[in-house]
Amino acid sequence: MFIRQIKKIRGLWLLSAWLFSSVINAQNSLQTGVSFYKVNPETETIRMYWRQDDGTPYQTLGRLIDAKGKSHQINMATNGGIYDKEYRPEGLYIENGKTLRELNTKSGEGNFYIRPGGVFSIGNGQAKIETLEAFSATPDITFAVQSGPMLLQHGKINTKFSQTSESRKIRNAVGLTAKGDIYFLLSRQAMNFYEFAHYAAEQLNITELLYLDGTISGMYTPSGGVPSQRYPFVTMITVERK
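Residue numbering note: each chain is counted from 1, following its sequence as written. Note on the predicted model: pLDDT of at least 70 is required for a residue's local features to be given, and 80 or more for side-chain atom pairs to be given and counted; whole-chain, interface and lining totals, by contrast, use all residues. With hydrogens and water excluded, all non-hydrogen atoms of the structure serve as input to the side-chain values.

Chemist: Please give an account of the sheet that holds strand β14 (residues 219-220) that cites residues and values.
Modeler: Note on pairing: DSSP must find at least two bridges between two strands before they are called paired. The numbering of helices and of strands both runs from the N terminus, where a helix is a DSSP run of H or I of at least 4 residues and a strand a run of E of at least 2. If you trace the four strands from one edge of the open sheet to the other, you get β2-β15-β3-β14, paired in antiparallel fashion. Of all the strands in the sheet, just β2 (44-49) and β14 have a single pairing partner and so form its edges. Here strand β3 (residues 74-79) pairs with strand β15 (residues 236-241) via five bridges, running antiparallel. Pairing of M76 across the sheet is with V239, part of β15. In what follows, a contact means two residues having at least one pair of non-hydrogen atoms within 4.5 Å. Helix axes are fitted to C-alpha atoms over the stretch in contact, other axes to C-alpha atoms as well, and angles between N-to-C directions run from 0 to 180 degrees. In the packing of helix α2 (residues 61-68) onto the sheet, the strands contacted are β2, β3, β14 and β15, and the crossing angle to β3 comes to about 145 degrees.

What follows is the structure in C-alpha cells.
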C-alpha cells in the first residue's frame, strides 16, 4: 500500500512537472513569437518555384508539396517575395538559371519599395543576400528572388523602422549570419519590422535579413504540416534534401 502511494505521488509529481514545463515552453513561444528553420548546407539544398510544367502557377504550399513531395524530400517551404496585381513577382526572379522577371529598381509605394531593397540568390551552392545596388546577375546564379525592404544590413536594423510602430503583421523573411548560416523566419504573431529584425539579430545572430512578405505568409515543415491559405502565393522557396 505504501509503495503504491509513493508511486502515485511520484506519478503526480512527474505530471505536474511536465505540465509546468509545457506552460513555460508555451510562454516562451508566445514571448518570442517567431518560428525559424536553419538550413543544413551539407544535407539540404534550396530551390524556388513559381509555375508548373504546364505554365500554371502552384499558388499554394499544399499544391507544391503534392506535386513535388514524391520526388523531392521537402523539409521546409514558404512563400517568396512580394508580387504585383497580375500575380507575378514584383521584381527579379530566376528559376533554374532562367531569368523570368527582371530586376526592378523603380520607385513606388508599399513595403517592396522601401529602401534598401534586396535580392536573395543561390549560386554555386552559396546563398547571398545583397542590396539592389550590390547585386549582379552572374551566370552561376540558379535561383534568385527580389524583395524588400532589407530589415538588417551588416547587423544593423534599418533606420526607417521605429520600435513603437503600430504596423504589426505576420511576416516572413530570409536571413544570413556572418558565418553563412541560412535561416527562414516566420512570425507566429503580429510584429512590426523593428521587433522582427531585433529578434533575428539578438536571438539568431543574423546580420543580413530580407523581408519576403507579410499578412499572408506561411511556412510548411513535415512536423507542422501544410498551413491554411486565404490568398495565393506566387513564388515559393523550399529547403530540400540533397
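Chemist: Can you explain the pattern of salt bridges? Please cite residues and give values.
Modeler: Criterion for a salt bridge: a side-chain nitrogen of Lys or Arg within 4 Å of a carboxyl oxygen of Asp or Glu. In the structure shown here, the tally under the stated rule is four salt bridges. Residues K38 and D181 are paired through a salt bridge, measuring 3.8 Å at the closest nitrogen-oxygen approach. Here K38 is found in strand β1 (residues 34-38), whereas its partner D181 is found in the loop between β11 (171-177) and β12 (182-187), with 143 residues between them in sequence. For R168, the salt bridge goes to E195, with nearest N and O atoms at 2.7 Å. One end of the pair, R168, is in the loop between β10 (156-157) and β11; the other, E195, is in helix α3 (residues 193-204), and 27 residues separate them in sequence. Using a relative accessible area of 25% as the deciding quantity, one classes E195 as partly exposed. One connected set of salt bridges, linked through shared partners, spans D84, R88 and R101. Three exposure classes are used, based on accessible area relative to the maximum for each residue type with a 1.4 Å probe and protein chains only: buried under 20%, partly exposed in between, and exposed over 50%.

Chemist: Describe in detail unusual backbone geometry, supporting the description with residues and values.
Modeler: Leaving glycine out, the prevailing phi sign among residues is negative, and the prevailing peptide bond configuration is trans. P116 follows R115 through a cis peptide bond whose omega is 0 degrees. Mapping P116 onto the fold places it in the loop between β5 (98-101) and β6 (118-123). For the bond running from G148 to P149, omega is 10 degrees, close enough to zero to count as cis. Within the secondary structure, P149 sits in the loop between β8 (141-147) and β9 (150-153). For Y87, which is not glycine, the phi torsion reads 60 degrees and is therefore positive.

Remember that the coordinates give geometry; whether it matters functionally is a separate question.
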